[in-house]
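# Chains, contacts and geometry: an overview
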Amino acid sequence: MSLGFDAKKVVDRILSKRDYIVEEVRKLLRMPSISGTGEGIEDVAGYLRDWIRDRLGANTTLLRYGGHPIVYGKLDHRKEKTIIFYNMYDVQPTGPLELWSSPPFEARIVEDKIIARGATNTKGALMSTLLGFEAMVEVLGESPVNIIFALEGEEELGSPSMPKFVEDKKVELQEADTGLFTIPSEVEFGKPRIQLGNKGIVFIELKCSTSKYEVHGSYSRGFYNPAVILSKIVSELIDPHFGPKIPWLEEKTVLPTPEDLMLLDQLIECTPLEKMMGSHGIKSSRLKGREWYQAVFFKPNVNVDGFTAGYTGPGTKTVLPNEATLRIDFRIVPNIEPEDVIEGLKALIERLGFSNMVEVNVLDGYTWSKISPNAPVVEVAKEAYSDMGVKPYIIPLITGSAPMYLFTRVLKIPVIVTGPGHGERAHAPNEFITVDTTWKTASY
């Protein structure tokens, strides 16, 4: 599908402004926007609202639905096609700081990398895409498509405002033909991924309190230990050697489909397990080969994110903890919904006899998203990569989560997640993107 303009002129403009693009990206990365604490959120939201209005000529505003603002706007040039550019301006906390090679909001360039929290996930791609739109308007005098901007500040919190936003702006959003979320998609250099879907997520906190105060450890034989209770629940959910034990979800799983299996070789080629392990310093993998990919990408999962109980300070303190907290996340695939997770977990806790001791708090959750590899937007994305001289790889489902279901399943608008360039260590110290990812993303 051609949009009727000379893309080469736009790309040439972008390449002539590479230093400017890098510095504009670094400027945004230097601005903290930690959704968990709220640090910098309002400043970054206001900055993006003004940037899109002043640089692109779009009508922009900040919408609030009880949480951090959504930067919403529209560049309407009365064109036949309309796209939604959805992305996130919030980031995860930075710690532990001692593991960073440079301050997380300095955006220091080291060799060919920009090191910063949010570099790869996903403020780097957000600003790079906006700079691509700016070059397009500069060269053409207008945008060849209408663009709806929806930039949220709560993705790392489970996107609680997004369902309210989609309900509020449903009529306007349904004018769009497709949606785009840009992110550096090259796990392997030169092999960009077009991601068709994502798993859903249910993030749950379990709290167990057995006494008002800590008790001397010598009495532990006669009382319940909250850490042991939560450990028992974990042991029922995950085996260290064999992985998740979630039969009430596994029995509903319908993936991988024959269509998914046809794309499995592409997935393996562009997502080498060894590179991922090396990037994160992972010592060993529980699964190997094709089995690893089928399990990780196409099966539901449960993971322990954090576990706190008792005393772990200097010296010794022999106590029976009075409370313990466990945080777990479930990742769900097509044919499984968040309610299936919650009902099954509560049934497990009841079967173990802990219902009166364990409090179940669902902190966030939403369902999965998946579109067909034959959707027209996929062909457009493939053509764009072809124009850049690279081969894209089609990924049916990614392991992570984002509220794409609001577009694909509520608004019935196909959305892809893609973008050229390379980044690593999302959510971890020394998160980075390569310098050339900035102008590559702008050119896409």
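Right, let's walk through the structure included here. Please read all numbers here as calculations on a predicted model, not as lab measurements.

### Digging into the pairing of strand β20 (residues 415-418)
Residues of β20 alternate between two faces, with V415 and V417 on one and I416 and T418 on the opposite face, all of them buried. Sheet analysis places strand β7 (residues 178-182) next to β20, joined by four bridges and oriented parallel. Of the residues in β20, the one forming a bridge with T182 is T418.

### As for the pattern of salt bridges
When their charged atoms lie close together, side chains carrying opposite charge are able to pair. Applying the stated criterion across every chain, the model contains 29 salt bridges. Close ionic contact of K275 with E188 constitutes a salt bridge, the shortest N to O distance being 3.9 Å. Remark: E188 occurs in the loop between β7 and β8 (193-195) and K275 occurs in helix α11 (residues 273-280); sequence separation between them is 87 residues. One salt bridge in this structure joins R290 and D265, with 2.8 Å as the shortest N-O distance. In this pair, R290 is assigned in helix α12 (residues 289-298) and D265 in helix α10 (residues 264-270), connecting sequence segments 25 residues apart.

### Side note on helix α7 (residues 226-237)
For α7, which comprises 12 residues, the first-to-last C-alpha distance of 17 Å matches the rise-based estimate of 16 Å (1.5 Å per residue) to within 8%. Along α7, the positions that sit buried rather than exposed are P226, A227, I229, L230, I233, V234 and L237. Along the axis of α7, the buried positions cluster into a sector of 165 degrees, meaning they face one direction only. Between a side-chain oxygen at the N-terminus of α7 and the backbone nitrogen of A227 the separation is 2.8 Å; the capping residue is N225.

### What to know about empty space enclosed by the protein
Counting across every chain of the model gives one cavity of 30 Å³ or more. Taken as a whole, the largest cavity holds about 40 Å³ of empty space. Taken together, Q195, L196, G197, N198, S369, I398, M404, V415, I416 and V417 form the lining of the largest cavity. Mapped by element, the contributors of at least two residues to the lining of the largest cavity are β9 (197-198) and β20. For the lining of the largest cavity, the per-class residue count stands at six nonpolar, four polar and no charged.

Each value, and the rule that gives it
- Residues numbered from 1 in each chain as written.
- Predicted model: local features only at pLDDT ≥ 70, side-chain atom pairs only at ≥ 80, totals over all residues.
- Heavy atoms only, no water.
- Buried < 20%, exposed > 50% of the residue type's maximum accessible area, 1.4 Å probe, protein only.
- Helix = DSSP H or I, 4+ residues; strand = E, 2+ residues; numbered from the N terminus.
- Pairing = 2+ DSSP bridges.
- Salt bridge = Lys/Arg side-chain N within 4 Å of Asp/Glu carboxyl O.
- Expected span 1.5 Å × (residues − 1).
- Arc of directions from axis to C-beta.
- Polar contact = N/O pair within 3.5 Å; in protein donor to acceptor, adjacent residues only side chain to side chain.
- 1 Å grid on protein atoms, 1.4 Å probe; cavity = no way out; pocket = protein on both sides within 12 Å on 5 of 7 lines; lining within 4 Å.
- Points joined across faces, edges and corners; volume = space filled by probe spheres on them.
- Nonpolar A, V, L, I, M, F, W, Y, C, P; charged D, E, K, R; others polar.

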